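Overview (structure and organization)
Residues per chain, in single letters:
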Amino acid sequence: MSDKLAELSEIGVSIWLDDLSRGRIRSGNLQERIDEDHVVGVTTNPAIFSAAIGDGADYADQIEDLAKRGVSVDEAVFEMIVDDVRDAADILMPIYEKTDGRDGRVSIEVDPRYSADMVKTIEQAKDLWDRVGKPNTMIKIPATPESLPAVTEAIASGVSVNVTLIFSVDQYRDVIDAYMTGLEEALERGLDVSKIHSVASFFVSRVDSMIDPKLDELGSDEARELRSKMGVANARLAYAAYEESLAGDRWRALESVGANRQRPLWASTGVKDASLSPTLYVDELAVDDTVNTLPEKTLRAVAAGSVLRGDAVRPSVAESRELFVRLEELGISFEDVSGRLLREGVEKFEVAWGVLLGNVEGALGDVG
């Protein structure tokens, strides 16, 4: 186990690998990351599976079988993804059992084309939960206004959910409310809420990728001082909102009957700007009761030279609020930024899903 990764874990950060492929599973690489790098979970998205299945070699036998059976392209994609998620869940099961369900998790995402269709999102979330059939699965549902009711219904049905594509604190508060409402409805249905888990995936680096060019365009000293700081500041304020929600009577009532906290998960933590430290979004967001999903490249960078200093979030909340005041004074509307990020986030996943479908359709056709 790498010392820096162990140190990050000791702070209270659960390290989840932001990648999954059949090759990683079969080669033993996923188990190695668990054994050597303190990885306690896996998260995925359409782009990750598109890259994995697009390679083809590890899926050749299954693709041949799917082609012979004449299944649709959509069904073929989900059969392959479900098999990978199920196998990864088996590998992570000892961690799930050791942590009482807190970690040892692997995600599978609903079709991103359903992000504006609550009914289809709910139907597919429940279907995927049943098809994988592993208690340490999490179904990823985007935090679009149309899909938040699907988050509530999934939780109320006993499905553990990873709520993804969160870009602002206001949006995050809506996610918290959707989760608590789901738990309250689950109790009304007689479910054991201690078995239901959730994380809220707050995207970090994409905030800087969108704001920094606006700051560069302004070109003032005041603008330059905010460069590459807003993604971290935004996440720190999200953590403050998380702790605020835990102090309320509504959450205390739920926790008293065994409900689990919906931990913030820092997503998009690989830097997009080569001039930045590759561990920026790990070092500056290290705090207990969180998850950080690390791409392999970032995982290696943290192991090689992360600069950790304990809790990097709580002492900086007031400063983070001040940064947003200064951003607004420069004429940059974060409401506009976060709205655009959500729209683009959905679009990127839809594009990746389209590429995935195209790759699989081509592979099925080659066999036929």
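Our structure's up above, just so we're on the same page.
Heads up: these notes are all about the structure in this document. Predicted, not measured: the structure shown is a model, and the values here were computed from it.

Along its length, the chain carries 17 helices and 8 strands. For the chain, the C-alpha radius of gyration of 20 Å lies close to 21 Å, the compact-globule estimate for 368 residues. Dimensions of the chain, computed from C-alpha atoms along their principal axes, come out at roughly 65 × 45 × 40 Å. Counting every position in the chain, which comprises 368 residues, the buried fraction comes to 57%. A separation threshold of at least 6 residues defines the contact pool for the chain, and within that pool the share at least 24 residues apart is 79%. With an accessible surface of roughly 14800 Å², the chain has 48% of that area assigned to carbon and sulfur atoms. One finds the centroid of the 40 positive side-chain charges in the chain at a distance of 1 Å from the centroid of its 68 negative side-chain charges.

If you walk through the whole model with that rule in mind, you get 7 aromatic pairs. Consider the rings of Phe 167 and Phe 203, whose centres lie 5.4 Å apart with planes at 45°: the pair is tilted. A residue pair is termed long-range when its members are at least 10 positions apart, and Phe 167 in the loop between β5 (161-166) and α9 (169-188) and Phe 203 in strand β6 (residues 198-203) qualify at 36 residues. Considered together, Phe 167 and Phe 203 belong to a single accessibility category, that of buried residues. Ring centres of Tyr 172 and Phe 202 lie 5.9 Å apart, and the angle between their planes is 80°; this geometry places the pair in the edge-to-face category. You can see Tyr 172 sitting in helix α9 and its partner Phe 202 sitting in strand β6, a full 30 residues away along the chain. Each member of the pair, Tyr 172 together with Phe 202, is buried.

With that settled, consider the layout of surface pockets. Estimated volume of the largest pocket: approximately 500 Å³. Asp 18, Ser 268, Gly 270, Lys 272 and Pro 295 are the residues nearest the centre of the largest pocket, which is lined by 25 residues in total. For the lining of the largest pocket, the elements supplying multiple residues, two or more each, are α4 (46-55), β6, β7 (263-267), α15 (296-305) and α17 (334-367). If you tally residues by element for the lining of the largest pocket, the top one is α15, at 3 residues.

Okay, empty space enclosed by the protein next. Counted according to the given criterion, the structure contains 3 cavities of 30 Å³ or more. Roughly 70 Å³ of internal volume is contained in the largest cavity. Top contributing element to the lining of the largest cavity by residue count: α9, with 4 residues. Grouping the constituent residues of the lining of the largest cavity by class yields 7 nonpolar, 2 polar and 1 charged.

So, about the environment of Val 307. Tracing the chain through its elements places Val 307 in the loop between α15 and α16 (317-329). Residue class for Val 307 comes out exposed when judged on its relative accessible area of 57%. Setting aside chain neighbours within four positions, we find Val 307 in contact with Thr 279 and Asp 283.

On to the sheet that holds strand β1 (residues 13-17). Each strand in a sheet pairs with another by means of backbone hydrogen bonds, the pair being arranged parallel or else antiparallel. Pairing is parallel in the closed barrel, where 8 strands are placed in the order β1-β2-β3-β4-β5-β6-β7-β8. Sheet twist, expressed as the mean angle between neighbouring strand axes with direction ignored, is 30°. Inspection of the sheet shows strand β4 (residues 137-142) paired to β5 by 4 bridges, in the parallel sense. Each bridged residue has a counterpart across the sheet, and for Ile 139 the counterpart in β5 is Val 161. In this fold helix α7 (residues 118-132) packs onto β3 (105-109) and β4, with an angle of close to 165° to the strand it touches most, β4.

With that out of the way, let us pick up the pairing of β6. Buried residues dominate β6, accounting for 6 of its 6 residues. Of the two faces of β6, the one lined by Ser 198, Ala 200 and Phe 202 and the one lined by Val 199, Ser 201 and Phe 203 are each fully buried. Relative to β7, β6 runs parallel, the two sharing 5 bridges. Following the sheet pairing, Ser 201 is matched in β7 by Leu 265.

About the thresholds
- Residues numbered from 1 in each chain as written.
- Predicted model: local features only at pLDDT ≥ 70, side-chain atom pairs only at ≥ 80, totals over all residues.
- Heavy atoms only, no water.
- Helix = DSSP H or I, 4+ residues; strand = E, 2+ residues; numbered from the N terminus.
- Rg over C-alpha atoms; globule rule 2.2 N^0.38 Å.
- Buried < 20%, exposed > 50% of the residue type's maximum accessible area, 1.4 Å probe, protein only.
- Contact = heavy atoms within 4.5 Å.
- Areas by Shrake-Rupley, 256 points an atom, 1.4 Å probe, with all protein chains shown as cover.
- Lys, Arg positive; Asp, Glu negative; His and termini not counted.
- Charge placed at Lys NZ, Arg CZ, Asp CG, Glu CD.
- Phe/Tyr/Trp six-rings, centres within 6.5 Å; stacked < 30°, edge-to-face > 60°.
- 1 Å grid on protein atoms, 1.4 Å probe; cavity = no way out; pocket = protein on both sides within 12 Å on 5 of 7 lines; lining within 4 Å.
- Points joined across faces, edges and corners; volume = space filled by probe spheres on them.
- Nonpolar A, V, L, I, M, F, W, Y, C, P; charged D, E, K, R; others polar.
- Pairing = 2+ DSSP bridges.
- Axes fitted to C-alpha atoms, helices over the stretch in contact; angles between N-to-C directions.

The quantities given are spatial measurements derived from coordinates; they are silent on function.
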